[in-house]
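Tertiary structure, described
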Amino acid sequence: MSFPLLTATAVLPALGAVATAAVPAARRTAAKWLALLVSLATLVLAVVVAVRFEPGGARYQLTETYEWIPAFGVRWELGVDGIGVALMLLTALLIPFIVLAGWHDADPLETRSKRWRPTQGFFALILMVEAMVILSFEATDVFLFYIFFEAMLIPMYFLIGGFGDRAHQGGEEAAATQRSYAAVKFLLYNLAGGLIMLAAVIGLYVAAGSFSLPDIVAARASGELEMGANTERLLFLGFFFAFAVKAPLWPLHTWLPNAMGEATAPVAVLITAVVDKVGTFAMLRFCLGLFPEASKWATPVVLVLALISIVYGALLAVGQRDIKRLVAYASISHFGFIILGIFVMTSQGQSGATLYMVNHGISTAALMLVAGFLISRRGSRLIADYGGVQKVAPVLAGTFLIGGLATLSLPGLAPFVSEFLVLVGAFARYPVVGIIATFGIVLAALYTLVLYQRTMTGPVKPELVKLPDLRVRELAVVAPLIALLIFLGVYPKPLTDLVNPAVRHTMSDVQEHDPEPEVEAAK
Amino acid sequence: MIALLIAAPLLGAAVLLCGGRRLDKAGHWIGTALAFVSFGLGAVLFAGLLGRGAEDRTLVQHLYSWVPVEGFQADVAFRLDQLSITFVLLITGVGSLIHVYSIGYMEHDERRRRFFGYLNLFLAAMLILVLADNYLLLYLGWEGVGLASYLLIGFWQHKPSAATAAKKAFLVNRVGDMGLSIAVMLMFTTFGTFAFTPVLDSVGAATSGAAAPVGEGTLTAIALMLLLAACGKSAQVPLQSWLGDAMEGPTPVSALIHAATMVTAGVYLIVRSGAIFDAAPDAQLVVTVVGAVTLIFGAIVGCAKDDIKKALAGSTMSQIGYMVLAAGLGPIGYAVAIMHLVTHGFFKAGLFLGAGSVMHGMNDEVDMRKYGGLRKYMPVTFVTFGLGYLAIIGFPGLSGFFSKDLIIEAAFAKGGVQGWILGTVTLVGAGITAYYMTRVMLMTFFGEERWRNLPAASPDAPDVEPAAGHGGVPHPHESPKVMTVPMIVLAFGSVFAGAFFGIGERFVHWLEPVTSFEHGHPPVSALTVTAATVTVMAIGVGLAWLHYGRRPVPVVAPRGSLLTRAARRDLYQDDFNHVVLVRGGEHLTRSLVYVDHTLVDGVVNGTAAGVGGLSSRMRRLQNGFARSYAVSMFGGTAVLVAATLLMRAV
Amino acid sequence: MNPVNYLYLAALLFTIGATGVLVRRNAIVVFMCIELMLNACNLSLIAFSRMHGNLDGQIIAFFTMVVAAAEVVVGLAIIVSLFRTRHSASVDDARLMKL
C-alpha cells in the first residue's frame, strides 16, 4: 500500500483548519501564519501529485479505494485525471494568495470576550473549503463527490454571512442585512440544486447498482449496462441542474453578484475562482461521462443558455455601478464560455474550457484582489467614488489594468488561449454559435475599459489624493499571479499536455469526433 | 536571430515598466538603445537576405509549439521574407528615430520612463505582427499593438479626453479584431490550419484547379472578415472614427503609431493574404470601394480641421485609403501599396514630428488658426516640414510622387468602368490632398503672426482659456537638436526614397516573389496619368493659396458651409455612433439590469414569498391545544388503517 | 376458543378511552382514559395469547403495565405541579406547546 497522496492533499488543509480554529484568541497572527503555512504545504503536495501524474498513462491515476459504507456500495474512492490535476493545482495555488490577501480582513474591530476569535474562524473556514474542493476534484465515487459538493456550502455560508465587506455605502446595519441576504440566497440556490442532484444520485444507484464512476462508465461503454433514454435524460437533468446553479448558468446566476458583492474580496475570489469551478468540472466529468447520450440530447438548449450567459453577463457588467458586482457579472459571462466549450463536443472546445477554468481562476483572482485592495483603501465599492487613481497609485493601477486585460482576453495573457480555443471549437461545429460568442470579446473590452477609465484615469478625486500604493504584502499577492498569467499566455504547453489526454477520453466517452476541415473532407 | 529582433524591445519594455523609479534617469537611453539594437539586427538580416537568390529569401524560424491541442496547432514561428523585412526596417528605423525625438519631446514629463517602456512594447508587438508565420501569432501582435496604442493614446491619463480617446480606439479596434478572429476560425474549419504557407498554398492550389476546390463563398467570407480587421486597425470607413481622437496622445506616438506603422498593419494584412483576396473577386471589389471612400472621406475631413494634428490624421486616413485601394487591385497593386506605405511612413512621420516641434515651441497649442508666420522662428522645422509637404502632395521627383502616381496608374489599369471610377477618385483625392496640405502649410508657417494677439492675452476676455500649458503669449523657438535631427533624417527619406524605390521598379521587383506582380495596362498612357496628377495637384495648391494665402486667416473659425461643418464633425460619424450605439447600449444595459433584478431575481424571490405565505397559513393549525393534536393523531391513524385495509381489499 | 367477544369488549373500552381523551378537559380524567386505552390493548393481547397458546402476548401485556405504571408516576407528578402553579387541572389552560 503506497502513501495515500490524494487523501493527504485534502486531509492536510482539513487538519490545518482544525488547528487554526484552535489557536487562542490572543495569538491572532500565529493563526494567520499557520493558515498560510498549511496552504503552502498543500500546494507542495498538489505539485507532487502533478509531478507523479503521467499524462500519457491511465485515465485515473494515484487511485485509492477504501470501503466506507459497504451496505450501499459507497467507497472512499479517489483518483485524478489531467483535468482534475489541473484544477487541484489551481485551487492549491490560489488559496495561499487568498489567505495572504485576506490578512487583515477578519481582524476584530473590538475585543468582545476572551473567546471571540473571528480571525481564527475566517482562516479555518477558508482551509476547510479548500479541503472540500480538493476532495470533490479527486472523488471518483459519485456519492463521495456529492457529499463534498454539498458540504462545502457550510463553510462558504459562514464566510459570506459572517465576514462581509467593510466597505459598504449603507452603513453597518445595511451591510449586515444585505450580507445575510446574500449568504442565505447563496445557500438556498445551491441547496436546491444539491437536493435535486441527491435524488439523481440515488436514481443513478438504482439504475446502475454502483456509485463508482469508472465502473459505470466502463459498464456503459461495454454495453453491459443499458439505460433507458428517459431515465438517462432525467438523471442528466438532475445532475446538470445542480452544476448549472453552481457554475452559474443563466438564469440561475443571480446569487453570484449578491454573494460576490457582499463577501470580502478574497472570499469572492474563493467563490468564483475555486468553488464555482467544481460546477463546470463536474459537468465535464459526470454529465458527459455518465450520460453521453442525454448530454447530446440537451446540447442545443445548453448552448443557447451558455450564449445568453455570455452576452447577458457582459451587458449587465457594463451596466453595473459597483466594482465587485461588475466582476461578478463578467464571471457569469466567462462561465458561459466555459460551458459553451464543454458542450460543443470538440477537442478544442473542451481543452479550451478546461484551460479556461484555470485561467479564469487566475485572472479573476488578480483583478478581484486588486479591486479589493482598492476598495479597502477608499471604503467604497461604487465606481463613481473613484477617479484618477493612476496618478496617485500607479502600481495599483497597472496591476489592475493587467488583471482587466486578462479578463478581456488580450492575446499574450493566459485567458486568450483558452477563449480562442473555445471559440474555434464552437465555430468548427456550430458557426453561428461561434460568431455570436465572438461578440462577447467586444463587450468584454467595453466593460473592462469603462471600469478602468472611470476608476483609474481622469483628474484625481480629492478624497483619493493620499491613497497609498500597493504594499509589499499586496504586491506579493498580485505579482506572482500576473507572472503566471503572462507565462501561461505565452507558453501554455505544460497545461495543455496535462489536459489533452483527459479530453481525448471524454471525447471517446461521448463518442464524438472533431469535424474535419473542409479541405480534408473534400478529398 | 529573428527572435532576437523582437526580444530587444520586449526586454526594454519589461525592464522599463518593472524597473521602478530607479530607472527614471536612464530609462529613455535604455529604450532608445534597444530600439537601435533592433534596427541594427534588422539591417544585418536584410544584408543576409540580399546575399541570397531572389527566390530563396524566405527564412522561417520555429521557436516552439504555442497551443498544442488535439487537432489544433499554433506555433510561435517567425517568417522573414522580402515583405516582412521591408516592414522590419521601416518599423525599427522610423521607430528608432522617434525614440530619439521623444527624448527631447518628453523631457519635462515625469513619466518619461514609462513612455519609453510603452514605445518599446509597441515596437515588439509590431514586429511580432509583421514577422508572425501564422495568423494566430499575427493576432497576438495585432492586439499587442492595439494595447500599446491604447496605453500611449491615453498616456496623459489625467485628461479625461485622452482616456476616452484611448478607450474608443481600443473598442473600435476590438470590432475589427472580431473580424480577424472569425477569419482565423474560418480558416481553421476550412483548411485545418492557419499558418501562412499551407493556407495560402491551398488557396492557390484550389483556384488553379490543382486541388479540391474551396467554396468561393468561404473565401469571400474570410477575405471580408480580414478586411473588417484591416478597417479597424487602419482606420478605414466604417471603423475610422477612432483615429482623429487618437491625436490626444503625445505627438511622437501619433507619428510612429498613427501615421507610419500601426495604422498600416491593415494594408500588410491584405497584402500578406493576397492569395485569398485574389480568389475572391467580390471581396476585392469591396476592398477597393472601402479604400476609395476612405480616401475621399479622410481628405474632406483633413480640409476642415483647425487642429494641426487632426488635419494630419485625416490625411493619414486618406493616404491609407490609397494603399487599401491599391491592395484591392490585386497583383497590380500589392507592391505599389507597400511602396506607398513605406514612403508615406517617411513623410507622414516627418510631418507629425514637425507638427510636434511646432507645438513644442508654441506652448502645446494645436489650433492652426493661432499659428502663422512661424517660418522665421523655426527654420529647421519649416524646411523639413516643407519637404514632407512636397512629398505628400506628390511634387514631381519627391517620394510621394512616385508611389502615388503608381497607385493612380494601377487604378486606371483595373480596366472598364471600375477602372475609370477608381482612377478618377484617386485623381480627385490627389487634388484634395494638395489643397489641405497647402492649407496646413500656409496657416502654420506663412501669413501674419496671429499668435501675437491671442484673445487670452487681452484682459477683456477673461473667460477664454489661455493657450494651454504655460499661458501667455508664446515664444516660438526652434526645437533642440535631439528633435531636429530625426526630422532631418526623415526629410531625406521623404525626398529620396521614392526615386530610389521607383526608378527601375526596384522596389516592386524586390517584393515580387512574395506578392507577385503584373504590369497593368491603363487605358491611357502612363505619361498622361502623370500629367493629369501633376495638374490636379497644381489646381489644389492654387485653390488653397487663394483661400488661405492671399486672405488673412481669421483666428476664430467662421461658420463655414454645410460641408465644412459636417467635415469638422468628422462627417457626423461620431454623432451617429453616439446616438445609435452608445445611447442604445446604455438603454439596453440599464433595462437589462432592471430585468435581472425584477424578473430573473423576482421569480426566485416570488417563490420564496409564496412558500413563506403558505407556511404562515399552515402555522395556524398549530394552536397549542394538546387535544386538537390528539385528534389529528387519531385521524391520521384512522386514515392509515383504512388505507391499509383498502389496499389489502384491492 | 373464540376471541371475538373479548375483542368487542377491548374495542369498546378503547373507544371510550379515546373519546375521553378527546373531549374531557380535566387532566386527571384524560389520564384515566389513557389508562383505559392501554388496558383495552392489554385485553386483546391476552385474548390472542390464549388463542395461540403461547405466552408472548402476556409478556407484552406485563411490559405495558410496567410502562404504564412508570408513566403514571411521571404524568401525575406533572399534573400536580401544573395544578400547583396554575390552580387548575384543565388541559386547555396549559397551552405551552405554542409560543
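Residues numbered from 1 in each chain as written. Chains lettered and ligands numbered in written order. Predicted model: local features only at pLDDT ≥ 70, side-chain atom pairs only at ≥ 80, totals over all residues. Heavy atoms only, no water.

The criterion, for reference: UniProt positions are given in the numbering used here, feature names are shortened, and annotations may be inferred rather than shown by experiment.
Per an unreviewed UniProt entry, chain C goes by NADH-quinone oxidoreductase subunit K and derives from Streptomyces fragilis. Word for word, the UniProt comment on chain C under Subunit (unreviewed entry) is "NDH-1 is composed of 14 different subunits. Subunits NuoA, H, J, K, L, M, N constitute the membrane sector of the complex." The UniProt entry for chain C carries this comment under Sequence similarities (unreviewed entry): "Belongs to the complex I subunit 4L family."

**Thoughts on the overall build of chain B**
Spelled out, the test is: By the criteria applied, helices consist of DSSP H or I runs no shorter than four residues and strands consist of E runs no shorter than two, each listed in order from the N terminus. For the exposure calls, accessible area comes from a 1.4 Å probe over protein chains only, and a residue counts as buried if that area is under 20% of its type's maximum, exposed if over 50%, partly exposed in between. Contact criterion: two residues are considered in contact whenever any of their non-hydrogen atoms come within 4.5 Å of each other. For the area figures, the Shrake-Rupley method with a 1.4 Å probe applies, and any residue is considered shielded solely by the protein chains shown. Think of it this way: Lys and Arg go in the positive column, Asp and Glu in the negative one, and His and the chain ends go nowhere. By convention, the point assigned to a charge is CZ for Arg, NZ for Lys, CD for Glu and CG for Asp.
If you tally the helices and strands in chain B, you get 24 helices and two strands. Seen through its C-alpha atoms, chain B measures out along the principal axes to roughly 115 × 80 × 55 Å. Here chain B holds 650 residues, and the buried ones make up 58% of them. For chain B, contacts bridging at least 24 residues in sequence account for 80% of all contacts bridging at least 6. Total accessible area on chain B is roughly 24400 Å²; 68% of this is exposed by carbon and sulfur atoms. In chain B, which carries 44 positive and 40 negative side-chain charges, the distance between the mean positions of the two groups comes to 9 Å.

**Examining the packing of helix α5 (residues 142–151) of chain A against helix α6 (residues 153–162) of chain A**
Residues and elements named next belong to chain A. Convention followed: Axis lines are fitted through C-alpha atoms, for helices just across the contact stretch, and the angle between N-to-C directions can take any value from 0 to 180 degrees. Should an angle fall under 35 degrees it is called roughly parallel, over 145 degrees roughly antiparallel, and 65 to 115 degrees roughly perpendicular, with every other angle called oblique. Only Asp, Glu, Lys and Arg are considered charged in this grouping, and only Ala, Val, Leu, Ile, Met, Phe, Trp, Tyr, Cys and Pro are considered nonpolar; every other residue, Gly among them, is considered polar.
Running from N to C, α5 and α6 point in directions that differ by 10°, and their axes come no closer than 5 Å. When the interaxial angle is binned, α5 and α6 end up roughly parallel. Between α5, through F149, E150 and A151, and α6, the contact on the second element is made entirely by L153, I154 and P155. Of the residues belonging to the contact of α5 with α6, the class tally is five nonpolar, no polar and one charged.

**Section: the UniProt feature "transmembrane region" (unreviewed entry) in chain C**
Residue and element names in this part refer to chain C. Sites flagged by UniProt as "transmembrane region" (unreviewed entry) map to residues 6–23, 28–48 and 60–83. Spanning residues 28–48, this segment combines 100% helix with 0% strand, and its end C-alpha atoms are found 31 Å apart. Annotation note: span residues 60–83, helix share 100%, strand share 0%, distance between end C-alpha atoms 33 Å.

**Side note on the packing of aromatic side chains**
Residue and element names in this part refer to chain A. To keep it simple, the criterion reads: Each Phe, Tyr or Trp ring (for Trp, its six-membered ring) is paired with any other whose centre lies within 6.5 Å, and the angle between the two planes then decides the class: stacked below 30 degrees, edge-to-face above 60, tilted in between. Note on criteria: charge over ring means Lys NZ or Arg CZ within 6 Å of the ring centre, with the direction from the centre no more than 35 degrees off the ring normal.
For the structure on display, the rule yields 46 aromatic pairs over all chains. Measuring from ring centre to ring centre gives 5.2 Å for F143 and F211, while their planes differ by 40°; the resulting arrangement is tilted. Here F143, found in helix α5, pairs with F211, found in the loop between α7 (171–208) and α8 (213–222); they are 68 residues apart in sequence, far enough to count as distant. Relative to F243, the ring of F149 has its centre 5.6 Å away and its plane inclined at 85°; by these criteria the two rings are edge-to-face. Of this pair, F149 sits in helix α5 while F243 sits in helix α9 (residues 229–246), and the two are 94 residues apart along the sequence. Since its relative accessible area comes to 1%, F149 is described here as buried. A network of ring pairs unites the aromatic residues F145, F149, F239, F243, F286 and F291 as a single cluster. Against the face of F149 rests K246, its NZ or CZ located 4.4 Å from the ring centre.

**Describing the arrangement of the chains**
Among the two pairs of chains that make contact, the interface with the largest number of contacts is formed by chains A and B. Chain A makes no contact with chain C; the smallest distance between any of their C-alpha atoms is 25 Å.

**Describing a nonpolar patch on the surface**
Inclusion rule: Residues enter patches when their relative accessible area tops 30% and they take part in no salt bridge; the joining distance is 9 Å for like charges and 5 Å for the nonpolar side chains Val, Leu, Ile, Met, Phe, Trp and Tyr. We count a salt bridge whenever a side-chain nitrogen from Lys or Arg sits within 4 Å of a carboxyl oxygen from Asp or Glu.
Residues F576, V579, V580, L581 and V582 of chain B make up a contiguous nonpolar surface patch of about 460 Å² in total accessible area. Inspection of the secondary structure puts L581 of chain B in helix α23 (residues 573–619).

**Let's talk about the interface of chain B and chain A**
The following threshold applies: Buried area: the accessible surface (1.4 Å probe) lost by two parts on joining, summed over both.
In this complex, chain B contributes 55 residues to the contact, which on the side of chain A involves 64 residues. Among the residues of chain B in contact with chain A, E70, R174 and M185 of chain B are the three that bury the most area, contributing 13% of the side total. Counting every contact that joins chain B to chain A gives one salt bridge. For the salt bridge of E110 of chain B with K391 of chain A, the shortest nitrogen-to-oxygen distance reads 3.7 Å. Elements with a contribution of two residues or more to the side of chain B that touches chain A: β1 (59–69), α5 (135–153), α6 (160–191) and α23 of chain B. Looking at the side of chain B that touches chain A, the element that brings in the most residues is α6 of chain B, giving 18 residues. Taken together, the residues of the side of chain B that touches chain A sort by class into 32 nonpolar, 13 polar and ten charged.

**Quick word on the packing of helix α14 (residues 347–378) of chain A against helix α20 (residues 493–509) of chain A**
Angle between the axes and distance between the axes are the two parameters that describe a pair of packed helices. All names here are of chain A. Stated precisely, the cut-off is as follows: Throughout, a crossing is termed right-handed when the near helix is turned clockwise from the far one, and left-handed when it is turned anticlockwise from it by less than a right angle.
Following both chains from N to C, one finds α14 and α20 inclined at 135°, their axes separated by 9 Å at the closest point. Judged on the interaxial angle alone, α20 and α14 are oblique. Along this stretch, α14 crosses α20, giving a crossing that reads as right-handed. Across the interface between the two elements, S347, Q350, S351, T354, L355, V358 and N359 from α14 touch L495, T496, V499, N500, V503, T506 and M507 from α20. Residues of the contact of α14 with α20, tallied by class, amount to six nonpolar, eight polar and no charged.

**Quick notes on the interface of chain B and chain C**
To keep it simple, the criterion reads: Side-chain atoms alone can form a polar contact between residues adjacent in sequence; in general such a contact is a pair of N or O atoms within 3.5 Å, and within protein one must be able to donate a hydrogen while the other accepts it.
Across the boundary between the two partners, chain B contributes ten residues, which contact 13 residues of chain C. Summing the contributions of chain B and of chain C, the shared interface buries around 1000 Å²; its carbon and sulfur component is 67%. For the chain B face of the interface with chain C, the top three residues by lost area are F625, R627 and F634 of chain B, together amounting to 57%. For the pair chain B and chain C, the interface holds zero salt bridges. Applying the counting criterion to the chain B and chain C interface returns zero residue pairs in polar contact (both at pLDDT 80 or more). Grouping the amino acids of the side of chain B that touches chain C by side-chain chemistry returns six nonpolar, three polar and one charged.

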